[in-house]
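# Inside the fold
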Amino acid sequence: MSLLSIEGLTVALPKGGDRPHALRDVTLELNENEILCVVGESGSGKSMTASAVMGLLPEGVLAESGRILFEGRDLLVLPEPELRKLRGARLGMVFQEPMTALNPLRTIGSQIAEMFRVHTQLSAHERDARVLALLEQVRIPDPAAAAKAFPHELSGGQRQRAMIAMALALEPKLLICDEPTTALDVTTQAQILELIRDLQRRTGTAVLFITHDFGVVADIADRVAVMRHGEVVEQGPAAEVLNHPRHPYTRALVAAVPPLTPPAAQPLGGETVLRIEHLTKTYRKAGLFGRNRRVTHAVRDVTLSLPRGGTLGIVGESGSGKSTLARCLVRLLDPEAGSIHIDGQDRLALTKTELRRDARRIQMVFQDPYASLNPRRKVGELVAQGPMVHGTPRAEAMAQARELFELVGLDPRGLDRFPHEFSGGQRQRIGLARALAMKPEVLVADEPVSALDVSVQAQVLKLLAELRTRLGLSMVFITHDLRVAAQLCDRIAVMRQGEVVEEGATAEIFANPRHEYTRALFAAVPGQGWTPPVAFGAEEMA
Amino acid sequence: MRILLLALRRLAASLPTLLLILVGLFLLLQLAPGDTVDALMAQMGGGDPAMMEQLRSFYGLDAPVLVQLTRYLWRLVQLDLGFSAIYGKPVSSVILERLPVTLLLMGTSLSFAFAAGMALGVLAARRVNKWPDALISTLGLIFYATPSFWFGMMGVVVFAIKLSWLPAGGFEDIGAGHTGLARLADIAWHLVLPVTTLALIFLATYLRIMRASMLEVLTLDFVRTARAKGLSQTGVLLRHVLRNALLPGLTLIGLQAGTMLGGAVVVESVFNLPGLGRLAYESVVQRDLNTLLGIVFVSALLVILVNFIVDLLYAKLDPRIAAER
């Protein structure tokens, strides 16, 4: 008999939602000593499945029918006190965002010890000893100090380790991981995945692993279930689902994963459109009497150039300075040394007024499509605003906006709507149209696809590639995702702690990374051993 | 150490504010017709102009305004609050006599408002959108919207006059000559109505803040983590939610300390309590500039002190504070 079996689970959403059911007729099985990956995009119901198993469904959301059998008992009919005894002790859970999932006001040690306080009779002394042992087990550097630390004093990876230590404290039979590595950097993600797999093998715990990333699935799954709109569309052994996906949705998802091999390089002219030389930006935090003073070298002596019509990828982890560099390029920030030339024009020498007048040369697309559009203005106005500020008559600007909407694949009838009426992918297209309305020579895109679902990400990437050839756009593309960089960029610069450690043609860097940090980044990319069986972008969602 | 430094910086930052208040008030009062000597003469039933001139030069009131101001500030630097012509003694001793009453009134009201507001806020948040929440929120709004003097007077009418359960005013029964514990009980007895009046207004604010921050904290991820650990509803509340939800309320104490002093003026007048608030009122009427400035100075110090304590508490409750600054 399997450890966990979900049979025909249907979960109703409160009335007035966008759909009547969060989950419909979900049937899943999880055996002991097995990792089941539940894959899906946002809104697929994968997190809801986890919440249902934990008995932590949001208020107003009720399981309508079906059973969740755990060790032979139906969790849906178990009274709350019984369920509480299972939670933590037999069912452990790790959440996505380790910063917010830990109480900011209590030490890591006390939060882990709480597991023993709630479920066991151990003395305070024994609890402390167990906490230390656990922190050692998850390989946190200096466990004794980590136990006394508050969550904000640890790094993201260390926090997630602490979360895992907490979830595993009482050796649960089932561990539920809800996107445990999504908020982490690639190298950290690789370490955490290895930790989970390692602990799982040693303890024989069954793991229900929720993710949107097929690379991660390829790395750790024994079996895979693919979910869409609250239904399981396909499930089976990992090798089967990954290499021979049958359902069209699964095929489309697999096709949306950018392969790690860059396509054939496009020919580029020798002309340089953007030249960055010795750019330096330092953040200083003043402290009273010189105490707590901090100096962060966000960008340190960066020299790069972008050929006309080409795409320069800037790759790095969080804190590497890539976003600061992007902001310096459009002069949202003023660097203190170095120079930026676009078409021979010295951008740093421009005054604020000149900069505004000449804004069209370089435009930016931002990461978060939700926060970067003014929610109180119609999207047509948002797109037309730039040209209108620069003297284009309103009618003409609106006509241009209409054309741009068609160009980025949006229905021009949407011009009169407000941003919240669009999905994330559509909003990113609007952001793109807004930037393109200025007819820029250089487009700076700061992680434009990282907030999007994989299938939408693939579409936006395709659009960017198309626009590049159609408009002859030169682009600086900032990303943390090497797969994305491989598909879109002609040249790649790898940044770490404000410095460019390696720069070169994409194919060259992928074939032969020279710097050890680049090699570490490549080694950390999930799902390297797996080549998507469906060609990138070959099949799209119905 | 870091916390102390932070507090010192706060203190240094509040000094210019204090100076500004004192100078502003000094100049403002110059605009009011009449001075201390006029008020004194009015009390004595009049006097001849020569004597008034003499008194003016005795108190230094004949000097130009700027000179007077400079003299006052110079004395203040030496921690000398000056001499009150009306009361015939140093301002510091006049204020010290009245200070305990106000401190007692404010302290108890603040504690009561904070404690009750927090408790009711938690209660309302736990039963959000059900009848206890509606009842508590409505009551809170009523308390908040009602002027304190009306509350005080209604309290006097109902509990003192109609029911004769509580005394109508005053700080204690002076004639009874209570000592020790009996005196304490007597004072407490007299303070029931004033404290309730002052506290009810502020209670509403704490209630609303606590309710809102409880509701917010309840949606945070770590609350879900706590539930996933198998903690009971009460356990989650006590161990994880409460302390996090307490922080905004604590900030409010610092903000409200000044407002509360203002409220004390009204309440002390209504209940005839010999406190700082009433002293301030009387000083304005009698143009007793020195006393008034002294009161403002002491009040400002009080507010700074309360904020200082709040800062320390905050840093103690929230480990992120000490690290950030």
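Residues numbered from 1 in each chain as written. Chains lettered and ligands numbered in written order. Predicted model: local features only at pLDDT ≥ 70, side-chain atom pairs only at ≥ 80, totals over all residues.

## What about the overall build of chain A?
Along the backbone of chain A there are 19 helices and 20 strands. For 542 residues, the compact-globule estimate of 2.2 N^0.38 gives 24 Å, and the C-alpha radius of gyration of chain A, at 25 Å, lies within 12% of that figure. Each principal axis of the C-alpha atoms in chain A carries an extent, and together these give about 70 × 60 × 45 Å. Put simply, chain A has 542 residues, and 47% of those count as buried. Taking as baseline every contact in chain A between residues at least 6 positions apart, the subset at least 24 positions apart corresponds to 71%. (Helix = DSSP H or I, 4+ residues; strand = E, 2+ residues; numbered from the N terminus. Rg over C-alpha atoms; globule rule 2.2 N^0.38 Å. Buried ≥ 20, exposed ≤ 12 C-beta atoms within 10 Å, placed from the backbone. Contact = placed C-beta atoms within 7 Å.)

## As for the domain arrangement of chain A
Taken domain by domain, chain A comprises domain 1 (101–169) and domain 2 (272–524). Placing a centre on the C-alpha atoms of domain 1 of chain A and another on those of domain 2 of chain A gives a separation of 40 Å. (Domains from an automatic or database assignment.)

## Let's talk about the environment of Tyr-283 of chain A
Residues and elements named next belong to chain A. Structurally, Tyr-283 can be placed in strand β11 (residues 272–285). Take Tyr-283: there are 12 C-beta atoms within 10 Å of it, and that puts it in the exposed class. It is 40 Å that separates the C-alpha atoms of Tyr-283 and Asp-128, two residues lying 155 residues apart in sequence. Discounting chain neighbours no more than four positions away, the residues touching Tyr-283 are Thr-296 and Ala-298.

## Remarks on the confidence of the model for chain B
Atom-level detail of predicted coordinates should not be read off regions where pLDDT is low. Residue and element names in this part refer to chain B. With 98% of its residues at a pLDDT of at least 70, chain B reaches an overall mean of 83. Looking across chain B, the model is least confident in helix α13 (residues 319–324), with a mean pLDDT of 66, and most confident in helix α9 (residues 221–228), with 90. Interface confidence in the predicted complex, given as ipTM, is 0.80; pTM for the same model is 0.81. (pLDDT = per-residue confidence, 0-100.)

## Points about the pairing of strand β19 (residues 491–496) of chain A
Residues and elements named next belong to chain A. Most of β19 sits out of view: six of its six residues are buried. Covered by surrounding structure in β19 are Arg-491, Ala-493 and Met-495 together with Ile-492, Val-494 and Arg-496, the residues of both alternating faces. In the sheet, strand β13 (residues 311–315) pairs with β19 via four bridges, with the strands oriented parallel. Within β19, the residue paired with Gly-313 across the bridge is Ile-492. (Pairing = 2+ DSSP bridges.)

## Section: the UniProt feature "transmembrane region" (unreviewed entry) in chain B
All names here are of chain B. Following the UniProt record, the feature "transmembrane region" (unreviewed entry) maps to residues 101–123, 135–161, 187–207, 245–271 and 291–315 here. Taken end to end, residues 245–271 has its terminal C-alpha atoms 35 Å apart, with 100% of it in helix and 0% in strand. With 100% helix and 0% strand, residues 291–315 has its two end C-alpha atoms placed 36 Å apart. (UniProt positions renumbered as here; feature names shortened; annotations may be inferred.)

## Examining the sheet that holds strand β17 (residues 442–446) of chain A
Residues and elements named next belong to chain A. Strand order in the open sheet formed by six strands is β16-β17-β18-β13-β19-β20, and the pairing between neighbours is mixed. Where the open sheet ends on each side, the last strands, each with one partner, are β16 (362–365) and β20 (499–505). Taken over all neighbouring pairs, the strand axes of this sheet differ in orientation by 15 degrees on average, direction set aside. In the packing of helix α11 (residues 322–329) onto the sheet, contacts are made with β13, β16, β17, β18 (474–479) and β19, and the angle to β18 comes to roughly 150 degrees. (Axes fitted to C-alpha atoms, helices over the stretch in contact; angles between N-to-C directions.)

## Structural notes on the sheet that holds strand β5 (residues 73–74) of chain A
Residues and elements named next belong to chain A. Sheet architecture is open: four strands sit in the order β2-β1-β4-β5, paired in antiparallel fashion. Pairing within the sheet leaves two strands with one partner each, and these edge strands are β2 (21–30) and β5. Pairing of strand β1 (residues 4–12) with β2 involves six bridges; the strand directions are antiparallel. Its bridge partner lying in β2, Leu-9 is registered against Val-26. In the packing of helix α1 (residues 46–54) onto the sheet, contacts are made with β1, β2 and β4 (62–70), and the angle to β2 comes to roughly 70 degrees.

## Describing the interface of chain B and chain A
Taken together, the contact pairs 22 residues of chain B with 25 residues of chain A. Put simply, the parts of the chain that give the side of chain B that touches chain A at least two residues each are α1 (2–31), α9, α10 (233–271) and α13 of chain B. It is α9 of chain B that contributes the most residues to the side of chain B that touches chain A, six residues altogether. Within the side of chain B that touches chain A, the residues separate by chemical class into eight nonpolar, five polar and nine charged. (Nonpolar A, V, L, I, M, F, W, Y, C, P; charged D, E, K, R; others polar.)

## Points about the pairing of strand β8 (residues 206–211) of chain A
Residues and elements named next belong to chain A. For β8, a buried count of six out of six residues is recorded, marking the element as mostly surrounded by other parts of the structure. In the sheet, strand β3 (residues 35–39) pairs with β8 via five bridges, with the strands oriented parallel. Paired with Cys-37 across the two strands is Phe-209, which belongs to β8. With helix α7 (residues 186–203) bridging strand β7 (residues 174–178) and its parallel neighbour β8, the resulting β-α-β unit is right-handed. (Right-handed = clockwise from strand over helix to strand, strands pointing away.)

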